[in-house]
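# Survey of secondary and tertiary structure
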Amino acid sequence: MDFGKQLKEGLITQNPVLVQLLGMCSTLAITTTVSNGIGMGLSVTAILICSNVVISLLRKVIPSQVRIAAYIVVIAGFVTIVDLLLQAFAQDIAESLGVFIPLIVVNCIILARAESFASKNKILPAAVDGLCQGIGYTLVLVVMSAIRELVGTGAIGATQFFPAEYSVMMLTLPVGGFLTLGFLIALMQWAQNKAGKGGK
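Read on for an overview of the structure.

When you line up the elements, arginine 148 lands in helix α7 (residues 123-153). Of the side chains with opposite charge, glutamate 149 comes closest to the buried, unpaired arginine 148, at an N-O distance of 9.7 Å. Reaching out from arginine 148, the side chain makes a polar contact with the side chain of threonine 31 at a distance of 2.9 Å. Reaching out from arginine 148, the side chain makes a polar contact with the backbone oxygen of leucine 171 at a distance of 2.8 Å. Setting aside residues no more than four positions away along its own chain, arginine 148 makes contact with Leu28, Thr31, Thr32, Thr153, Leu171, Thr172, Leu173, Pro174, Gly176, Gly177 and Thr180.

Now the structure itself:
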């Protein structure tokens, strides 16, 4: 197990959002505020780690014919736990994220990591993979949220950085999510291409 390599994959070379283009629905929908981004990112990270561990534990027991259904049952159990914890201890975030917390059950990132990594590796590497992919996902959500909230409203949370009349309200709308995500994907592709040419 190479933690550095897995972390690099989660953050850069196999980033779930900017490289693999997974989890687009929640990424575009909830990145209007930084608190939403952090809440969703941490929720997905916790579910990724827990589901990867359980699927890795059961990888030799689950018949291949029903593996996807079994993965969804495992993921749904952890999503329910996270949803109930948010409702109990972070009601504002639970209300703000709304239906997107239960929809984590069908988030492609979690199912993809279960199928491609957790089902083929031991417990510790599977847990580290969940953590690294979750960090990469959370980082993108926070960056997108910060750009959209700051440029769209002039503030992040309760802190006003510049007058609201100078803000670009369009970034708080759905089109702002597409524009911001497109910019970040283009930036990642440019950086990877430049690094590849530098390596050669």
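Having seen the model, we can carry on.
Moving on to the packing of helix α3 (residues 34-57) against helix α4 (residues 67-89). Running from amino to carboxyl end, α3 crosses α4 at an angle of 145 degrees, the nearest separation of the two axes being 9 Å. Relative to α4, the crossing made by α3 is right-handed. The segment α3 lies against α4, with Ser43, Ile47, Cys50, Ser51, Val54 and Ile55 engaging Tyr71, Val74, Ile75, Phe78, Val79, Val82 and Leu86. Here the contact of α3 with α4 is built from residues that sort into eleven nonpolar, two polar and no charged.

Below, the discussion takes up unusual backbone geometry. A negative phi angle characterises most non-glycine residues, just as the trans form characterises most peptide bonds. One non-glycine residue, leucine 21, adopts positive backbone phi at about 55 degrees. As for its placement among the helices and strands, leucine 21 is situated in the loop between α1 (3-13) and α2 (24-30). For leucine 21, a relative accessible area of 45% gives the class partly exposed.

Now for the pattern of salt bridges. According to the stated counting rule, one finds two salt bridges in the structure shown. When the shortest N-O distance is used, the salt bridge between glutamate 115 and arginine 67 registers 3.1 Å. Taken together, the residues span a long stretch of sequence, with glutamate 115 in helix α6 (residues 108-116) and arginine 67 in helix α4 at a distance of 48 residues. With its nearest N and O atoms 2.7 Å apart, the salt bridge here joins arginine 113 to aspartate 129. Taken together, the residues arginine 113 in helix α6 and aspartate 129 in helix α7 connect sequence positions 16 residues apart. Its relative accessible area of 8% is what places arginine 113 among the buried residues.

What follows deals with the state of the cysteines. A covalent bond between the sulfur atoms of two cysteines is what we call a disulfide. Using the criterion set out here, one finds zero disulfides in the structure. There is no disulfide at cysteine 25, and the cysteine sulfur nearest it, in cysteine 108, is 8.2 Å away. Taking relative accessible area as the criterion, cysteine 25 reaches 65% and is therefore assigned exposed. The exposure class of cysteine 108 is partly exposed, given its relative accessible area of 40%.

What follows deals with the environment of alanine 158. Within the secondary structure, alanine 158 sits in the loop between β1 (155-156) and β2 (159-160). Relative accessible area serves as the criterion here: at 84%, alanine 158 is assigned to the exposed category. Spatially, the C-alpha atoms of alanine 158 and phenylalanine 183 are 26 Å apart, while their sequence positions differ by 25 residues.

Our focus in this paragraph is the nonpolar core. The nonpolar side chains of a soluble globular protein tend to be buried, and buried together. With 27 residues, the main nonpolar core has Leu18, Met40, Val44, Ile47, Ile104, Ile110 and Tyr137 as its most contacted residues. Only α2, α3, α4, α5 (91-97), α6, α7 and α8 (174-199) provide two or more residues apiece to this core. Tyrosine 137 has contacts with Pro16, Val17, Ser26, Thr27, Met40, Gly41, Val44, Asn107 and Ile109, leaving out every residue within four places of it along the chain. If you look at the next biggest cluster of nonpolar residues, it comprises seven residues, including Tyr71, Val74, Ala118 and Ala126.

By the element assignment, serine 119 lies in the loop between α6 and α7. Reaching out from serine 119, the side chain makes a polar contact with the backbone oxygen of glutamate 115 at a distance of 2.8 Å. Leaving out residues up to four positions away in the same chain, serine 119 has contacts with Ile55, Arg59, Tyr71 and Ala114.

Here we come to the packing of α1 against α7. Running from N to C, α1 and α7 point in directions that differ by 35 degrees, and their axes come no closer than 7 Å. As α1 packs across α7, the resulting crossing turns out to be right-handed. Two secondary-structure elements touch here, α1 through Phe3, Gln6, Leu7, Glu9, Gly10 and Leu11 and α7 through Pro125, Val128, Asp129, Leu131, Cys132, Gln133, Ile135, Gly136 and Leu139. Grouping the constituent residues of the contact of α1 with α7 by class yields nine nonpolar, four polar and two charged.

Thresholds, definitions, all that
- Residues numbered from 1 in each chain as written.
- Predicted model: local features only at pLDDT ≥ 70, side-chain atom pairs only at ≥ 80, totals over all residues.
- Heavy atoms only, no water.
- Helix = DSSP H or I, 4+ residues; strand = E, 2+ residues; numbered from the N terminus.
- Buried < 20%, exposed > 50% of the residue type's maximum accessible area, 1.4 Å probe, protein only.
- Lys, Arg positive; Asp, Glu negative; His and termini not counted.
- Salt bridge = Lys/Arg side-chain N within 4 Å of Asp/Glu carboxyl O.
- Polar contact = N/O pair within 3.5 Å; in protein donor to acceptor, adjacent residues only side chain to side chain.
- Contact = heavy atoms within 4.5 Å.
- Axes fitted to C-alpha atoms, helices over the stretch in contact; angles between N-to-C directions.
- Left-handed = near helix turned anticlockwise from the far one by under 90°.
- Nonpolar A, V, L, I, M, F, W, Y, C, P; charged D, E, K, R; others polar.
- Disulfide = S-S within 2.5 Å.
- Core = buried A, V, L, I, M, F, W, Y, C linked by side-chain atoms within 4.5 Å.

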